[in-house]
Amino acid sequence: MITMDSGSVGLDALRFLRQRAEDVLSALREDVFAPEGEKTLRRTWSISEASELVGRSPQSIRLAEKDGKLPSPERLENGRRCGYSLEDMNRMRALFGTEPRRSSADEAVILSFSNFKGGVGKSSFACHSAQYFAIHGYRVLIVDLDSQASTTTVFGFNPDLQIGRDETIAPYLLGEQHSLHYGVRKTYWPGIDLIPSALHFYSAEYELAAQVSGNVELLETLRAGLAGVADDYDIIILDPPPALGLISISALVAANALVIPVPPANIDFASTAHFLSMVIDTLETLRRHGVDPSYQFVRVALSKLDERKSTQGAISEMMRKVFGSYLLTTPIKDSAEIDNASARFETVYEQPVPLTSREVHRRCVTYLDGLNREIEILVRRTWPSHHDALREAGLM
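None of these values were measured; they are calculated from a predicted model.

Enquirer: Help me out: how do you make sense of the overall build of the protein chain in this one?
Expert: Within the protein chain one finds 15 helices and seven strands. Computed over its C-alpha atoms, the radius of gyration of the protein chain comes to 22 Å, within 12% of the 21 Å expected for a compact globule of 396 residues. Its C-alpha atoms give the protein chain principal-axis dimensions of about 75 × 55 × 50 Å. The 396 residues of the protein chain split such that 48% are buried. Excluding contacts between residues fewer than 6 apart, the proportion of contacts in the protein chain whose partners are at least 24 apart in sequence is 74%. Surface exposure of the protein chain reaches about 19,100 Å², of which carbon and sulfur atoms provide 52%. Between the mean site of the 42 positive side-chain charges and the mean site of the 52 negative ones, the protein chain shows a separation of 6 Å.

This is the structure we're talking about:
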């Protein structure tokens, strides 16, 4: 047993603390994946919800079921219909021709949720956004570039037990693989694929640094790899690490859209100002070396807003004035629903019932949907094939 003393504390103490922390994480992850050993999507949607998401009336859905074009939903013992799964809704979209996909002439959006400060809600944004797009029928790839592997866990894989270094993106970045297809995994969310991460990915930063020295073009490796798998997706979401390193820079180079989550606190606002300065300096340096990233859109997202705190209200109002139209209108408010879901390595979107109260859950989903709807419109504006529909809806 390691005890505290007034003398120097060496590696034994650090190993002890690491082991205790890893034991707790292992227990939490075992609880997430127990008892069947894999996550399943338990969330279902009512016929009215399915109708709105699919873009056809409840009557059209029932008629297709009656004609045998769609499977009839299972019924409970009391005769009431069970809800529709996401697979069910995707079958409806395929039948009715309402899949909201880009055309082959449109470019897949590669969206990075980036900020070099930890604790801003970056991974939560990435996971909720990926699930929002899947719920609405888009084909999504999410790429976990953070060795903490929170996103990997949320999407159904235990990084401690199931993901080795050769199953992360590291082999491709280091030239050991020549396509990213090896790393793509199906998840328990229909429409979402994942390139996972794990603690083993941490060393890739140092290995990449040794290779990049004197060869800046290697920072375009991730961009090239994503281009090789992009035909299969409408949107690719990147979850980079919260640090200014070569992996984060590679994500900035690979992305063609950027969302920066910022909580309304002075220290986070200051960190974001520094983040923007570092990004500008980094991109200008890269351009001098022939690497030229560009973005279809850049937005700031207000995260973890607690309006009960007067200082947060003042800072968020200041952010609206400072960032103007670059700030997404809908904030993500501090919510016990998000906190409780995160503690289970889950999201609000996958909950079959509220984890708090029905009202707290409804309010939380309203804000998540509002913010992701704004992002969805920005994404669709990059696709010429969607412009007529957007104009008709008054969104362009």
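From this point, the discussion proceeds with the structure in view.
Enquirer: Explain the pattern of salt bridges here, please?
Expert: Any two side chains of opposite charge can pair, on the condition that their charged atoms come close. Inspection of the entire model under this criterion finds 19 salt bridges. Notably, a salt bridge pairs Glu167 with Arg185, separated by 2.4 Å at the nearest N-O pair. Taken together, the residues Glu167 in the loop between α6 (150-154) and α7 (170-173) and Arg185 in strand β3 (residues 185-186) connect sequence positions 18 residues apart. Note on Glu167: relative accessible area 30%, which makes it partly exposed. Close ionic contact of Asp388 with Arg391 constitutes a salt bridge, the shortest N to O distance being 3.2 Å. Here the residue Asp388 and the residue Arg391 both occupy positions in helix α15 (residues 387-392), the gap between them amounting to three residues, near one helical turn. Overall, the relative accessible area of 49% leaves Arg391 in the partly exposed class. When salt bridges that share partners are traced, they join Arg165, Asp166, Glu176 and Glu207 into one network.

Enquirer: Please explain the sheet that holds strand β7 (residues 297-302) as it appears in this structure.
Expert: The strands that make up a sheet pair up through hydrogen bonds in the backbone, lying either parallel or antiparallel. Across the sheet, seven strands lie side by side as β3-β4-β2-β5-β1-β6-β7; this open sheet has mixed pairing. The two strands at the open ends of the sheet, each matched to only one other strand, are β3 and β7. Looking at chain direction, strand β6 (residues 257-262) and β7 are connected through six bridges and run parallel. Looking at the pairing, Leu258 lines up with Val298 of β7.

Enquirer: How should the packing of helix α5 (residues 122-135) against helix α14 (residues 358-381) be read in this particular structure?
Expert: Angle between the axes and distance between the axes: these two values describe a pair of packed helices. Closest axis-to-axis distance for the α5/α14 pair is 10 Å, and the angle between their directions is 70°. Taken together, α5 and α14 sit at an angle that is classed as roughly perpendicular. Judged by residue contacts, Phe125, His128, Ser129, Tyr132 and Phe133 of α5 engage Leu368, Asp369, Leu371, Asn372, Arg373, Ile375, Glu376 and Val379 from α14.

Enquirer: Honestly, the side chain of Ser248 in this entry has me stumped. Any pointers?
Expert: As for its placement among the helices and strands, Ser248 is situated in helix α10 (residues 246-254). For Ser248, a relative accessible area of 3% puts it in the buried group. Leaving out residues up to four positions away in the same chain, Ser248 has contacts with Phe116, Pro240, Pro241 and Ala243.

Enquirer: What's the story with the layout of surface pockets in this structure? I'm lost.
Expert: Any empty space left between atoms is shown by rolling a water-sized probe over those atoms. The calculated volume of the largest pocket comes to roughly 1,000 Å³. Lining the largest pocket we find 45 residues, and of these Ser123, Ser124, Gln148, Ser150 and Phe345 sit closest to its centre. At the level of elements, α1 (11-33), α5, α6, α13 (336-343) and α14 are the ones that each hand at least two residues to the lining of the largest pocket. Here the element with the most residues in the lining of the largest pocket is α5; it accounts for seven residues. Its residues placed into classes, the lining of the largest pocket shows 16 nonpolar, 17 polar and 12 charged. It is α14 that contributes the most residues to the lining of the second largest pocket, six residues altogether. The class makeup of the residues in the lining of the second largest pocket is nine nonpolar, five polar and seven charged.

Enquirer: Got a minute to help me understand the nonpolar core in this structure?
Expert: Within soluble globular proteins, side chains that are nonpolar generally end up buried alongside one another. Ranked by internal contacts, the top residues of the largest apolar core, which has 55 residues, are Leu111, Phe155, Trp189 and Ile375. If you tally residues by element for this core, the top one is α5, at eight residues. Setting aside residues no more than four positions away along its own chain, Trp189 makes contact with Leu41, Leu86, Gln131, Ala134, Ile135, Phe155, Tyr349 and Glu350. In this structure, Ile110, Ala204, Leu283 and Leu327 belong to the second largest nonpolar core, which totals 49 residues.

Calculation notes
- Residues numbered from 1 in each chain as written.
- Predicted model: local features only at pLDDT ≥ 70, side-chain atom pairs only at ≥ 80, totals over all residues.
- Heavy atoms only, no water.
- Helix = DSSP H or I, 4+ residues; strand = E, 2+ residues; numbered from the N terminus.
- Rg over C-alpha atoms; globule rule 2.2 N^0.38 Å.
- Buried < 20%, exposed > 50% of the residue type's maximum accessible area, 1.4 Å probe, protein only.
- Contact = heavy atoms within 4.5 Å.
- Areas by Shrake-Rupley, 256 points an atom, 1.4 Å probe, with all protein chains shown as cover.
- Lys, Arg positive; Asp, Glu negative; His and termini not counted.
- Charge placed at Lys NZ, Arg CZ, Asp CG, Glu CD.
- Salt bridge = Lys/Arg side-chain N within 4 Å of Asp/Glu carboxyl O.
- Pairing = 2+ DSSP bridges.
- Axes fitted to C-alpha atoms, helices over the stretch in contact; angles between N-to-C directions.
- Parallel < 35°, antiparallel > 145°, perpendicular 65-115°, else oblique.
- 1 Å grid on protein atoms, 1.4 Å probe; cavity = no way out; pocket = protein on both sides within 12 Å on 5 of 7 lines; lining within 4 Å.
- Points joined across faces, edges and corners; volume = space filled by probe spheres on them.
- Nonpolar A, V, L, I, M, F, W, Y, C, P; charged D, E, K, R; others polar.
- Core = buried A, V, L, I, M, F, W, Y, C linked by side-chain atoms within 4.5 Å.

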